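Now for the letters of each chain:
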Amino acid sequence: MLKRHLLLASVLAGTFAITACSQQTEENAEATVDSAAEDAAVNTEEAAANTEAAAAEAEVAAQDAGTEVAEGAETAGAAATNALENTGEAVVVGANEAVANTAEVVADGAAAVEAKASENAVEAEQQY
């Protein structure tokens, strides 16, 4: 009988120990879940703040890039206008030089024709 009582007492003590351990484990698990939920909420708030900051930085960078492109286009437009003016001036100068050279060649040709005509002049008596 004593053995039975001891066996029964041991079984009850083991059951209480397991129950107590299970209760402590459950409480620890609940605390872990609560802590994880709090951490997730904090991390979500930080991620949202970081995303907003990154979006603001991207917007500023896009505006800066747009300004640089516009300034570059203005500079390119001014350079193209200057190049066009220089090209127009070069065409005018080239045309003037071509006209002057042509006039000079025509004058030289006329002088040569006159000189040959003088050399080949036929006296009046020899003319038909």
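Note: the structure precedes this text.
## Overview of the overall build of the protein
And then number 1: Looking only at helices and strands, the protein has one helix and zero strands in total.
And then number 2: The proportion of buried residues among the 128 residues of the protein is 0%.
And then number 3: Carbon and sulfur atoms make up 62% of the accessible area of the protein, which amounts to about 10,800 Å² in all.

## Points about a negative patch on the surface
And then number 1: Residues E27, E30, D34, E38 and D39 make up a contiguous surface patch of negative charge.
And then number 2: Mapped onto the secondary structure, E38 falls in helix 1 (residues 2-119).
And then number 3: Under the relative-accessibility criterion, E38 is labelled exposed at 54%.

Reading guide: rules and limits
Residues numbered from 1 in each chain as written. Predicted model: local features only at pLDDT ≥ 70, side-chain atom pairs only at ≥ 80, totals over all residues. Heavy atoms only, no water. Helix = DSSP H or I, 4+ residues; strand = E, 2+ residues; numbered from the N terminus. Buried < 20%, exposed > 50% of the residue type's maximum accessible area, 1.4 Å probe, protein only. Areas by Shrake-Rupley, 256 points an atom, 1.4 Å probe, with all protein chains shown as cover. Patch = residues over 30% accessible without salt bridge, like charges linked within 9 Å, V, L, I, M, F, W, Y side chains within 5 Å. Salt bridge = Lys/Arg side-chain N within 4 Å of Asp/Glu carboxyl O. Lys, Arg positive; Asp, Glu negative; His and termini not counted. Charge placed at Lys NZ, Arg CZ, Asp CG, Glu CD.

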